[in-house]
Amino acid sequence: MSEDLRFDEKVVLVTGAGGGLGRQYALAFGKRGALVVVNDLGGDIKGGGKSSRPADLVVDEIKSEGGKAIANYDSVEDGAKIIDSVVKAFGKIDVIVNNAGILRDKSFSKTTDADWDIVHRVHLRGSFQVTRAAWELMKKQKYGRLIMTSSAAGVYGNFGQANYSSAKLGLLGLSNTLAIEGAKYNIHCNTIVPTAGSRLTETVFPPDLVEALKPEYVAPLVLYLCHESCPETGAVFEVGGGYIAKLRWEQTKGAIVRKKGIRMTPESVRDNWEKITDFADSRHSSTIQEATSEAIQAIGIINSSDDQEETALPNNDNDLDMQSAIGYTSPPQMYTFTHEDVILYALGVGVSMKEAENLKFLYEGLESFCALPTYSVIPAQEGLKYILSGNVPGLEIDPSKVLHGEQYIEMYKPFPTSGTVKNVYTICDILDKGSGALVIIDVDTYDDGGVKLCCNQFAIFVVGAGNFGGKRTSTKQKMTAGKPPSRSPDASITEKTSIDQAALYRLSGDFNPLHIDANFAAMAGFPQPILHGLSSFGYSTRHILKQYAGNDVTKLKAVKARFAKPVLPGQTLQTDMWKDSNRIYFQTKVIENGNICLSGAYVDLISTTEIEKPTEFKKMTNLQSDAVFAELKEKLVLEPNLVKKIKVIYQWNITKEGKAAATWTVDLKNGNGDIYSGVPKTGKPGCTLTVDDENLVQMFSGKLNPQQAFMKGLLKITGNIMLSQKLGQLFKDRAKL
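Since the structure is predicted, the reported quantities are computational estimates derived from the model, not experimental observations.

This next bit is on the overall build of the protein. Check the secondary structure of the protein and you find 23 helices and 25 strands. With 737 residues in all, the protein has 48% of them scored as buried. Sequence separation of 24 or more characterises 72% of the internal contacts of the protein that already satisfy a separation of 6 or more. When the accessible area of the protein is evaluated, it comes to approximately 35100 Å², of which 52% is carbon and sulfur surface.

Here you go:
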C-alpha cells in the first residue's frame, strides 16, 4: 500500500474556510499534519456583514481532532494583512487555497456597477492580493503550492452570473500565468472547477443535488494538487461528486482565408466556415506560443498593410522559383567523423551506462562497438547548410523562418563508426501548405568505397513562403503513418532526459541558440531552451530497437516521424509502441504535460524479436559451476562481514552450450547473506550476470580475466554494472578449482 500524503509542518492558508468547501479543505489539511490558517470574514453570501464565529468554529474542530490551527478574520482584499498574520504565527507560508467568494446574481441588464465590482474584488482581486503578498516568500524558499477556484459558470457561462463568471474565468488566466512565472522556483499553481453543495450553489442547485454533491468529494483533489509530490502545474480540473477530469482548450485546424491577389472579405470567411469550425483534426495547445502559432504563420504569409485600397498581396516572404529549384542535385558534400563523434551523439540521445547493453554504443574498444542508425542524420544535416544558404537556384530562404517538420531515414548498411562519407542532396519537391512551403530534401549517403549507406529525407517547413499556387502533396514525400492503432500500446518505454540534454546534443553539430540561450528561447516564445527534435527522435528509435530488436542496429530498415511539439530538457519521454508484423507504429509524449512530441511515426525492422522478461533458468545437472557457488557459500560463512561491505543482491544466470542451464542468487544484502539456487527470494537483484558454465569456472580459477570476458561478450551484465566490481571482494583468495 502506498504511503499517505502528509503535510507535516507545512503552513496552509485556506481563504473563505468558515464553511462549505473551504471548511472541508481546512479540516482535511489539519488531519494530515498541516499548520492551518482558517481565513473567513464571516460575511453573508452577498458579501455583507462580518463575524469571527465561522472561522473560530473550524479552528476548534481542527484542534479537537489533534490538529493545529489559527483563525484570521481579514478580508481577502487585505491580502498583505492575512499573510503577515500567517508568517507571524508560523514563520512561513507553503500552501494557499484561494477559495473565498460571494454571489450577486442578476441578469446582465440589471447588473449594477456595485454588483460587478464587489464580485470581482472578492474573487479575482482578493486572490491576487493574497497570492501577491506571499509570492516573494515562496520564491525565496523555492517552494509553494497555489490553488485558484474557478467555476463552471466561468468556463461555460451561466444566466444571471455575468459578474461571477467573468471573475472566475479571470482566475484561470491568473493561475496559468503564475504557473509559468513560478516554474523555476518550484511554485505550482493549478485551477479547480468544483461542483459542490455550498451556500453559493444552493441558489442554483435543487436541495437533493446539493446534498449529493458534498464538499468532501472535492477536498482530495485539492490536497493532492497541494502536495509536494504532485508534479502538476498550470492545469485546470473539473471535480464533483467523486468525478475528476482535466480540462484543456481545443482548436480546430482552421483555415487561412486570404489568398494571393484576393482581399479578405466576409464572403471568404463564409466560404471557409466549414474548415474554420471543423474539430475533426483538432489540436490542443498548452502554451500561448502553441495557441497563436497558426495566426503568426498567417501574418508571415499575408503581411498586408492597413491600406484599404490594396487589392493585391505579395506572393510570399521568400523567393522560391519552383522550376529551377525542384530536381536540383548538389555536388558531393564530404563529412569526416571519428568514433568520438559517434559516442557523443549516443550520449546526446540518452544512451547511458546504467544499462550494460548500452556499452556497445559508448566504448570503441568493444568488438561489438557500433553507431546508432540515427547517427546518420548528423552527417546529412551538416550539408543542409549548403542547401539553405543560397546555393540552390531559386531557393532563397531566411534561416530564421525554417522549421524541421518531419524526418525519414532508410538504412541499407550499418553506419560506420568512423571515416569519411559523401552526401548528395536533391530537392525532391516543394509543396504549398498555405501557411508556408514544405521543402522535401533527399540526402543519399555513400561510404568511401561508393557503397550507398542510407537515405535521409528532411521535410523543411518555411514559414510564410506558401500560397504560391503549388501542389499540396507529393508522391516523393515519405508519408507519416497517421494516428496509431486504437488499442492500448503493445509496449511502452519511459525515460527521463537530462537537464543538460540539449547542451550535450548540440555538440553533435546543431548549434541553434534556441537550444542553449534562454534569452533567445524567450524571444521565440519558449520559457526556456528546448530540446532538439532529433534528440527525441533518437531516444524513441533506441527504445524500439531495445524492445523489438535486442539493440541489434542491423535490424533497422527505416524510421519516420513528425515533430509535433517541443520538449524541455529534463522532461520525461514515453515511447508508446504498437507492433504490426515488422512495422512498429509509435508516438512519443512528454509525461509532465501529456503533449505528443513525435507523431505519425513508425519504424520498419528487418525482423523483430519480442524482448522477454528474464525468467529463472531451469536447473541442469552436472554443471561445473555448482562447485564455484558451493565454495563461495563456505567463504560467506567464514566472512559474514562481506554483507556489510557489499550490500548487493547478485543474480547469476548460467548457460551451457548456448542454452539456459541454472540460476543462482548471491545475496550479500539481507541478514548474514546467503547463496542458493534460484532467483532472489527477497528483493530485486542490483546486478545480473550471465555467463557460460565453463567460462565461470575459468574466471574463478584465474584462467580467464573477467574484464576481458566482458569485453569479448562472454560475460553479460545487466542492471547497475558498477556493482559487479564489488564481487572482487567475494572472489578474493579464491580456491583454484
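A few words now on helix 6 (residues 162-182). Every α-helix carries 3.6 residues per turn, so stepping three or four residues along brings you back to the same face. Taking 1.5 Å as the rise per residue, helix 6 with 21 residues should run 30 Å; its terminal C-alpha atoms sit 30 Å apart, in good agreement. The complete set of buried residues in helix 6 reads N163, Y164, S165, A167, K168, L171, L172, S175, L178, A179 and G182. Where the residues of helix 6 are buried, they touch helix 4 (113-141), strand 5 (144-149), helix 5 (152-156), strand 6 (187-194) and strand 7 (236-240).

Time to look at the pairing of strand 8 (residues 243-247). In the sheet, strand 7 pairs with strand 8 via 5 bridges, with the strands oriented antiparallel. By the bridge assignment, V236 is partnered in strand 8 with L247. A loop of 2 residues connects strand 7 with strand 8, the two strands running antiparallel in sequence, and G241 in this loop sits at a positive phi of about 60°.

All right, on to the sheet that holds strand 18 (residues 572-580) then. Paired through backbone hydrogen bonds, the strands of a sheet run either parallel or antiparallel to each other. Within the open sheet, the 10 strands sit side by side as 10-13-14-15-12-17-20-19-18-16. Their pairing is antiparallel. Strand pairing shows two members of the sheet lacking a second neighbour, strand 10 (333-337) and strand 16 (491-496), which therefore form its edges. When strand polarity is set aside, the average angle formed by the axes of neighbouring strands in this sheet is 20°. Where strand 14 (residues 436-446) and strand 15 (residues 452-463) come together, 11 bridges link them in antiparallel fashion. For Y446, the partnering residue across the bridge sits in strand 15 and is K452.

What follows concerns the sheet that holds strand 6. With respect to topology, 8 strands assemble into an open sheet ordered 3-2-1-4-5-6-7-8, the strand pairing being mixed. Both outer strands of the open sheet, strand 3 (68-72) and strand 8, are each paired with one neighbouring strand and no more. The average undirected angle you get between the axes of adjacent strands in this sheet is 20°. When strand 1 (residues 11-14) meets strand 4 (residues 95-98), the two strands line up parallel, connected through 3 bridges. Bridge pairing links L13 to I96 in strand 4. Packed on one face of the sheet, helix 2 (residues 53-64) meets strand 2 (35-39) and strand 3 and runs near 175° to strand 3. Those strands touched by helix 8 (residues 219-226) are strand 4, strand 5, strand 6, strand 7 and strand 8, and its axis lies near 145° from that of strand 5.

This brings us to the packing of helix 1 (residues 20-31) against helix 2. Helix packing for two helices is described by the angle between their axes and how far apart those axes are. With their axes 9 Å apart at the nearest point, helix 1 and helix 2 run at an angle of 25° to one another. In terms of orientation, helix 1 and helix 2 fall into the roughly parallel class. Pair helix 1 / helix 2 crosses with right-handed handedness. Here R23, A26, L27 and G30 of helix 1 lie close against helix 2, whose contacting residues are V58, E61 and I62. Across the contact of helix 1 with helix 2, the residue classes break down as 4 nonpolar, 1 polar and 2 charged.

This paragraph deals with the side chain of Q381. Among the structural elements, Q381 can be located in helix 14 (residues 377-382). In this structure Q381 comes out as buried when scored by relative accessible area, which is 18%. Look past the residues within four positions of Q381 in its chain and what remains in contact with it is F458, D510 and L534.

The next thing to look at is the pattern of salt bridges. On inspection of all chains with the given rule, the structure shows 21 salt bridges. Note that K560 is salt-bridged to E406, the shortest N-O span being 2.8 Å. Within this pair, whereas K560 is found in strand 17 (residues 556-563), its partner E406 is found in strand 12 (residues 402-411), the two being separated by 154 residues in sequence. By relative accessible area, K560 is classed as buried at 0%. Taken together, the salt bridges that share partners define one network made up of R104, K106 and D115.

Moving on to the packing of aromatic side chains. In total, this model carries 10 aromatic pairs according to the counting rule given. Seen in terms of ring centroids, F7 and F29 are 5.0 Å apart; in terms of plane orientation they differ by 80°. Their pairing is edge-to-face. In this pair, F7 is assigned in the segment before strand 1 and F29 in helix 1, connecting sequence segments 22 residues apart. Put simply, the rings of Y335, F337, Y345, Y375, F415 and Y505 touch in pairs and so form one group of aromatic residues. K10 extends its terminal NZ or CZ atom over the ring of Y143, reaching a point 5.1 Å from the ring centre.

Of all 8 residues making up helix 21 (residues 693-700), 6 are buried, and the element is well covered by its neighbours. Where helix 21 is concerned, the buried positions are D693, N695, L696, V697, M699 and F700. The elements touched by buried residues of helix 21 are helix 19 (625-638), strand 21 (648-656), strand 24 (687-692), helix 22 (706-711), strand 25 (715-719) and helix 23 (727-731). Regarding helix 21, its N-cap is D692, as a side-chain oxygen of that residue lies 3.0 Å from the backbone nitrogen of E694 further along. Looking one or two places after helix 21, you find G702, whose phi comes out positive at around 85°.

The rules behind these values
- Residues numbered from 1 in each chain as written.
- Predicted model: local features only at pLDDT ≥ 70, side-chain atom pairs only at ≥ 80, totals over all residues.
- Heavy atoms only, no water.
- Helix = DSSP H or I, 4+ residues; strand = E, 2+ residues; numbered from the N terminus.
- Buried < 20%, exposed > 50% of the residue type's maximum accessible area, 1.4 Å probe, protein only.
- Contact = heavy atoms within 4.5 Å.
- Areas by Shrake-Rupley, 256 points an atom, 1.4 Å probe, with all protein chains shown as cover.
- Expected span 1.5 Å × (residues − 1).
- Pairing = 2+ DSSP bridges.
- Axes fitted to C-alpha atoms, helices over the stretch in contact; angles between N-to-C directions.
- Parallel < 35°, antiparallel > 145°, perpendicular 65-115°, else oblique.
- Left-handed = near helix turned anticlockwise from the far one by under 90°.
- Nonpolar A, V, L, I, M, F, W, Y, C, P; charged D, E, K, R; others polar.
- Salt bridge = Lys/Arg side-chain N within 4 Å of Asp/Glu carboxyl O.
- Phe/Tyr/Trp six-rings, centres within 6.5 Å; stacked < 30°, edge-to-face > 60°.
- Lys NZ or Arg CZ within 6 Å of the ring centre and 35° of its normal.
- Polar contact = N/O pair within 3.5 Å; in protein donor to acceptor, adjacent residues only side chain to side chain.

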